[in-house]
Amino acid sequence: MRLILYALLSCGALVLAVVLLAWVAERRLEPLADARLFSDIAKAPAIETALVLGTAAIGPEGGPNRYFVYRLDAAAALWKAGKVKYLIVSGSRDAINDEPTAMRAGLVERGVPSEVIYNDFDGWRTWDSVMRARDIYGQKRLMIVSQRFHLVRALYMTRNVGIDAWGFEARDVGAAYSILTELRRYPSALRAYYDVWFAAPFRDVGPKVVVGRDSPV
């Protein structure tokens, strides 16, 4: 009985330690990224290419995903303001969801020409999207588009892999909208440190693409 109690207490302590570590990791990322985050489009620097980070088009309640909608709104606003020329829409594609195709269609609906939008179908994680932007799409300077909590992780990654990047904040969504998304940001912060510290492998498949010269795919 004592052994069982000891095991339970040890597991509880370990879980608590991991939760605390994840919270500290997430809190530490924001001040590191703060100077490179913009919510005012007039203050955002002009960068040739934007990386729009993917998410599912359908939200938890079965309707349009607000994270998705607001990211596309922000990306289209950047292009219309002349802050970016090209957009890489990076997300995952499987039998159920095709994030890049949905993002491209949504941007076209918002007035962005299809010929300036590049689909990256192998952005399964933020790390994949960032590293593929560098190694597949040849980008050394980027404007990254997502919600603030997501941008702080992406900017931490870029500053450690040789990409000069800024973040443009899409409108955020209330915490009650998706508890899962809110909770995921903490272990995701830990994963961001792991990816950088251990140079985690990423999906580097596919031919090299020269943005602005090669036809969008």
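Now for a quick tour of the structure. All values reported here derive from a predicted model rather than from experimental measurement.

1. Remarks on the packing of aromatic side chains
Per the counting criterion, the structure on display carries 5 aromatic pairs. Ring centres 4.8 Å apart and planes at 55 degrees place the aromatic pair Tyr 156 and Tyr 193 in the tilted group. Separated by 37 residues along the polypeptide, Tyr 156 in helix 5 (residues 148-160) and Tyr 193 in helix 6 (residues 179-197) bring together distant segments of the chain. For Tyr 156, a relative accessible area of 6% corresponds to the buried category.

2. Points about the nonpolar core
Of all hydrophobic cores here, the largest spans 61 residues; its most connected members are Leu 87, Leu 107, Trp 127, Met 143, Ile 144, Val 145 and Phe 168. If one sorts the elements of this core by residue count, helix 2 (residues 66-80) sits on top with 8 residues.

3. What about the pattern of salt bridges?
Inspection of the entire model under this criterion finds 11 salt bridges. Asp 34 is the partner of Arg 148 in a salt bridge, and the nearest nitrogen-oxygen pair spans 2.5 Å. Taken together, the residues Arg 148 in helix 5 and Asp 34 in the loop between helix 1 (2-33) and strand 1 (37-38) connect sequence positions 114 residues apart. In this structure Asp 34 comes out as partly exposed when scored by relative accessible area, which is 40%. A salt bridge links Asp 73 to Arg 110, with the shortest nitrogen-to-oxygen separation between them at 2.7 Å. With a gap of 37 residues between them, Asp 73 in helix 2 and Arg 110 in the loop between helix 3 (99-109) and strand 4 (117-120) connect regions that are remote in the sequence. Residues joined by salt bridges that share partners form a network here, namely Asp 34, Arg 148 and Glu 169.

The rules behind these values
- Residues numbered from 1 in each chain as written.
- Predicted model: local features only at pLDDT ≥ 70, side-chain atom pairs only at ≥ 80, totals over all residues.
- Heavy atoms only, no water.
- Phe/Tyr/Trp six-rings, centres within 6.5 Å; stacked < 30°, edge-to-face > 60°.
- Helix = DSSP H or I, 4+ residues; strand = E, 2+ residues; numbered from the N terminus.
- Buried < 20%, exposed > 50% of the residue type's maximum accessible area, 1.4 Å probe, protein only.
- Core = buried A, V, L, I, M, F, W, Y, C linked by side-chain atoms within 4.5 Å.
- Salt bridge = Lys/Arg side-chain N within 4 Å of Asp/Glu carboxyl O.

Everything listed here is a matter of geometry and, on its own, says nothing about what the molecule does.
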